[in-house]
Amino acid sequence: MIESQDTVLELRDIRVHFFTYDGVVKALDGITFDVFKGESLGLVGETGCGKSVTVRSIMRLIEDPGKIVNGTIMYRDKDILQMDEEDVRKLRGKKIAMIFQDPMTFLNPLITVGEQVAEVILLHQGLPGLTEAEQEKVKKDKMQEILKEEVVKVFELVRLPDAASLYTRYPHELSGGMRQRVMIAMAIASNPDVMIADEATTALDVTIQAQILKLLQNLKDDLNTTLIFVTHNLGIIAEMCDRVAIFYGGQVVEVAPTKVIFKEPIHPYTKGLLKAIPLLHAPKETLDSIPGVVPNLVNPPGGCRFNPRCYLAEKNPEIKESHCIVTKPDLLEYGSNHLVACHVRAKEQNK
Ligand SMILES: Nc1ncnc2c1ncn2[C@@H]1O[C@H](COP(=O)(O)OP(=O)(O)OP(=O)(O)O)[C@@H](O)[C@H]1O
Ligand SMILES: [Mg+2]
C-alpha cells in the first residue's frame, strides 16, 4: 500500500535524444511523473517506448550518442541532472540502486560473489559497528571476517541458500536465479532509498521469476524502500505494483493506481494495452490489438505520438487536426492520483 504521498523522485519534462548517423532519435519526449516514498511504481509499455532510457536518466547513465536535452529530476530537494559527478557517484548505489536484467554483464567474473558484495558494503557503510579511526587499525584478516559476517547476513536476506559457503563462489558457478539474487544483494547492501529493477526477471524461467518477484516485493516492505519496476508485462504489474505509469513512444500517457488502471483506464492506448495482456512468460512483442506500428522516433508523429493509431482521434477529426497532431497533451487529473494525457478526453470532460 502507498502509506504517504511524500515524493522521493519528481521527473519533469525529461527529453532525451540520441544523435545517430541515421538522425536524431527523440527517445523521450517530455517524460513527467512522481515516485512516492514506499510505493512500488511500475513503468510499462511496448518495446522501445523509453522505459530503460527513463530509468537510466534517473541514474544519469545516458551515454554518447545520447543526451538529456531537457528536464529536471528532483531527488528530495536536489536536481540529479545538475549534480556534479562526485554527488552522482554517491547517489548511484547508495541512494538509488539498479538491478539489471542480465547479472552476468554486471557481476565481475573474476571476483567471488562474496567479495563483490563486501566491496559494496565497505564502500557505502564502512566496516559495520566500527568508527573510522577503529577501522584504520583493524587488520586485514579481521576486516575480512567482519565483512564476511555482514555479507552472509545480506545473502540470507535475499534467501540465498547456504549463504556462508557461497561467499567464495564465482558468478559462473551459480544458477541464473542465484546470480539475480546476488545482484539484488548488491543493490540492498547499501540500504538504498530507491531500488530500480529494469526487466530484472525476464531472463529467468517462470518459477524462478515468480520467486524473485516475491523477494523484491518482500524486501521493499521489510527494508522500507521504494521500488521502480520496469516491465512490458501487465500481468506482473498487477501483482507487484501500487501504481503504474503507461509509456507510449517516449511519452507518458496515463498514470494511476494499478487497480484504477485495470478497472477504469481512460487513455485509448491503455485500453488497447489491457486488451492484450500478455501471459507472464510471453515473449516481448508488439500489440496486435492496436492497429498500426510503434512510432519511428527519428521522425515521430507531431503532438500526441499515439495519434496515428488512435481510434478516438479518428472519431474526432476536428480535435485531431487542431490538437492531437499539433501539441503534446499535458497530463491532467481525472480523479485521485489518476493522470491522463489525451486531447479528446480533455475536450469530452471540458478540461
Ligand atoms: N544508444 C542508443 N542509440 C540510439 N538509440 C537508442 C539508444 N538507446 C536507446 N535508444 C532508443 O531509445 C528508444 C527507447 O529505448 P528504451 O531502451 O528506453 O526502450 P524500452 O522501453 O526499455 O524497451 P524494451 O522493452 O525493449 O526494453 C528506442 O527507440 C531506442 O532505439
Ligand atoms: Mg528496456
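The shown structure was predicted, so the numbers you read here are calculated from the model rather than taken from an experiment.

The rules behind each value
Residues numbered from 1 in each chain as written. Chains lettered and ligands numbered in written order. Predicted model: local features only at pLDDT ≥ 70, side-chain atom pairs only at ≥ 80, totals over all residues. Heavy atoms only, no water. Salt bridge = Lys/Arg side-chain N within 4 Å of Asp/Glu carboxyl O. Helix = DSSP H or I, 4+ residues; strand = E, 2+ residues; numbered from the N terminus. Domains from an automatic or database assignment. Contact = heavy atoms within 4.5 Å. Buried area = accessible area lost by both parts, 1.4 Å probe. Polar contact = N/O pair within 3.5 Å; in protein donor to acceptor, adjacent residues only side chain to side chain. 1 Å grid on protein atoms, 1.4 Å probe; cavity = no way out; pocket = protein on both sides within 12 Å on 5 of 7 lines; lining within 4 Å. Points joined across faces, edges and corners; volume = space filled by probe spheres on them. Nonpolar A, V, L, I, M, F, W, Y, C, P; charged D, E, K, R; others polar.

Caption draft 1: Inspection of the pattern of salt bridges at higher detail. Under the definition given, this model contains 16 salt bridges. Between E10 and R12 there is a salt bridge, and its shortest N-O distance comes to 3.9 Å. A salt bridge links E39 to R243; its shortest N-O distance comes to 2.7 Å. Of the two residues, E39 is situated in the loop between β2 (23-36) and β3 (40-44) and R243 in strand β9 (residues 243-248); the sequence distance between them amounts to 204 residues.

Caption draft 2: Expanded view of the domain arrangement of the protein chain. Per the domain assignment, the segments of the protein chain are domain 1 (7-98 + 231-296 + 331-341) and domain 2 (100-195). Here the C-alpha centroids of domain 1 and domain 2 sit 30 Å apart. Contacts between domain 1 and domain 2 engage twelve residues on the former and nine residues on the latter. The largest share of the area that domain 1 buries against domain 2 comes from K94, A97 and M98, three residues that together contribute 53% of it. Taken together, the connections running from domain 1 to domain 2 amount to one salt bridge. R76 serves as the salt-bridge partner of D193, at 3.0 Å between the closest nitrogen and oxygen. On inspection of domain 1 and its partner domain 2, the count reaches five residue pairs in polar contact (both at pLDDT 80 or more). Mapped onto the side of domain 1 that touches domain 2, the elements with two or more residues apiece are β1 (7-20), α2 (85-95) and β6 (96-99).

Caption draft 3: Just the layout of surface pockets, in detail. Put simply, the largest pocket is a space of about 640 Å³. Residue lining of the largest pocket: 24 residues in total, with G93, F106, V120, H124 and M186 positioned closest to the centre. For the lining of the largest pocket, the residue count by class is 13 nonpolar, five polar and six charged. Split by domain, the lining of the largest pocket shows at least three residues from each of two domains, domain 1 (7-98 + 231-296 + 331-341) and domain 2 (100-195).

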